[in-house]
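Letter by letter, the chains look like this.
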Amino acid sequence: MDVLNFPGEIMQEQLDQILAEGVARGAAPGAVAIVVNRDGVIAHGAAGERAAGSGLEMTTDTVGAIFSMTKAITGAAAMQLVEHGRLHLDAPAGEVCPELGEVTVLDGFDSDGQPVTRPPTSPVTLRNLLTHTSGFVYTIWNENAARWHEVTGVPDVLSLEKAALREPLAFDPGTRWEYGIGIDWAGQMIEAASGQTLGEYFAEHLTGPLGMSDTAFTHSPSMLERASAIHGRGPDGSLTPLDLPAPEKTEFEMGGGGLHGTMSDYGRFIRMILNDGELDGTRVLSAETVETMSQNHIGDLRVQMLKTTNPMFSNDAEFFPGEPKTWGLTFQINEQAAATGRPPGTLMWAGLANSFYWIDQANGIGGAYLSQILPFGDQQSLDLFYEVEAAAYSTLQSINSR
């Protein structure tokens with residue numbers, strides 16, 4: 001497809017209509033979406049409110065918690081350090097973070113309800129961490145991990161206490177795929193290798209050079225003025241702003257899900273990937289590294305449905321259920337064409353509050369979508385994102401069939 005002839009004005013009209021209609025039917029209280037190609041922004045729109053009932057408009061510069069959309073940025077930072085020989089994909093991660101050399105595997109619980117653990121059969125590596133094959137999982141999708149935290153009293157990762165990272169593995173490294181806190185550990189490796197906090201490293205080497213000035217672990221005053229509330233979806237479909245408690249301690253910056261940002265900023269990150277590691281004359285990754293990140297790194301393993309243990313935070317969730325999906329170095333990869341129009345090899349992922357992105361390197365387009373809703377896997381919000389994506393491909397197809 002020839003993205004250079006993409007009619008931005010047609011896509012903009014469609015995007016505005018899709019978002020307005022989605023908000024009107026209750027898909028989200030407010031939503032922002034951006035569609036980009038290698039050369040720039042094709043369409044960028046917003047509709048609805050930042051907080052339901054507030055009268056505060058959702059705008060294209062609205063800031064949201066992007067949660068696990070952070071992972072791709074952390075992965076890019078880790079791969080910068082791999083390029084420079086300061087991190088290695090397949091060396092034992094314990095050589096960088098000694099705690100990772102001391103991990104155990106949770107085999108279950110004894111008759112008294114206490115955890116039974118053993119040494120892993122192989123060491124955790126950075127590749128394991130970036131591909132969710134390390135054995136680290138999330139409590140909201142793993143019953144044994146949730147039970148371990150309950151029995152031991154160790155806080156969950158959302159507490160931002162370092163103790164939360166010291167949970168046992170759910171399985172031996174490399175033996176299966178299960179989504180988890182591995183990329184939070186990758187963030188710890190970046191800090192150890194660089195001597196900087198994760199936020200400092202991003203600002204100097206990634207988000208700063210890419211011009212992502214509204215992306216950070218902590219809101220600037222300007223970001224706070226434009227921040228969206230997070231909403232809860234009730235059983236009746238209603239959306240209510242949530243008053244989520246802030247962590248009592250902030251002992252680390254969460255490489256797996258701690259960033260706040262705008263979709264215009266995330267569009268710049270997507271364009272960097274589409275341009276093989278470069279944006280507006282600034283190169284942050286080599287083309288070879290981007291190619292490597294975009295390939296299957298889990299072999300014959302496949303991405304599985306996330307089965308919830310905590311319905312407040314997540315539904316059972318899977319993108320394109322029943323279709324095979326692999327994992328690159330922080331991206332999910334479609335193994336076959338999807339109904340939206342994306343081809344095999346397309347990269348994507350999401351954030352806990354129902355934000356999503358896709359990166360189609362074959363056609364040179366991508367996009368990002370922000371809503372702020374819990375629980376994750378909200379079908380109405382996800383369908384709205386899919387509508388945006390499908391409109392982009394429909395418009396491309398109509399232009400190229402002329």
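Now for a look at the structure at hand. Computed from a prediction, not measured in an experiment: that's the story for all the values here.

**Some points on helix α8 (residues 263-274)**
Next up, step 1: Relative to the 16 Å expected for 12 residues at 1.5 Å per residue, α8 spans 16 Å between its end C-alpha atoms, a close match to the ideal helical length.
Next up, step 2: Of all the 12 residues making up α8, 10 are buried; the element is thus mostly covered by neighbouring parts of the structure.
Next up, step 3: D276 sits one or two positions beyond α8 and adopts a positive phi of about 60 degrees.

**Comments concerning the packing of helix α2 (residues 70-83) against helix α5 (residues 182-194)**
Next up, step 1: For the pair α2 and α5, interaxial distance at closest approach is 10 Å and the crossing angle is 40 degrees. Pair α2 / α5 crosses with left-handed handedness. On α5, the residues touching K71, T74, A77, A78 and L81 of α2 are I183, G187, I190 and A193.
Next up, step 2: Counted by class, the contact of α2 with α5 contains 6 nonpolar, 2 polar and 1 charged residues.

**Here we look at the sheet that holds strand β16 (residues 373-374)**
Next up, step 1: Ordered by their spatial adjacency, 3 strands build an open sheet running β7-β6-β16, and the pairing between neighbours is mixed. With one partner strand each, in any of the chains shown, β7 (239-241) and β16 form the two edges of the open sheet.
Next up, step 2: Here strand β6 (residues 231-233) pairs with β7 via 3 bridges, running antiparallel. What sits directly across from R233, in β7, is L239.

What counts and how
Residues numbered from 1 in each chain as written. Predicted model: local features only at pLDDT ≥ 70, side-chain atom pairs only at ≥ 80, totals over all residues. Heavy atoms only, no water. Helix = DSSP H or I, 4+ residues; strand = E, 2+ residues; numbered from the N terminus. Expected span 1.5 Å × (residues − 1). Buried < 20%, exposed > 50% of the residue type's maximum accessible area, 1.4 Å probe, protein only. Axes fitted to C-alpha atoms, helices over the stretch in contact; angles between N-to-C directions. Left-handed = near helix turned anticlockwise from the far one by under 90°. Contact = heavy atoms within 4.5 Å. Nonpolar A, V, L, I, M, F, W, Y, C, P; charged D, E, K, R; others polar. Pairing = 2+ DSSP bridges.

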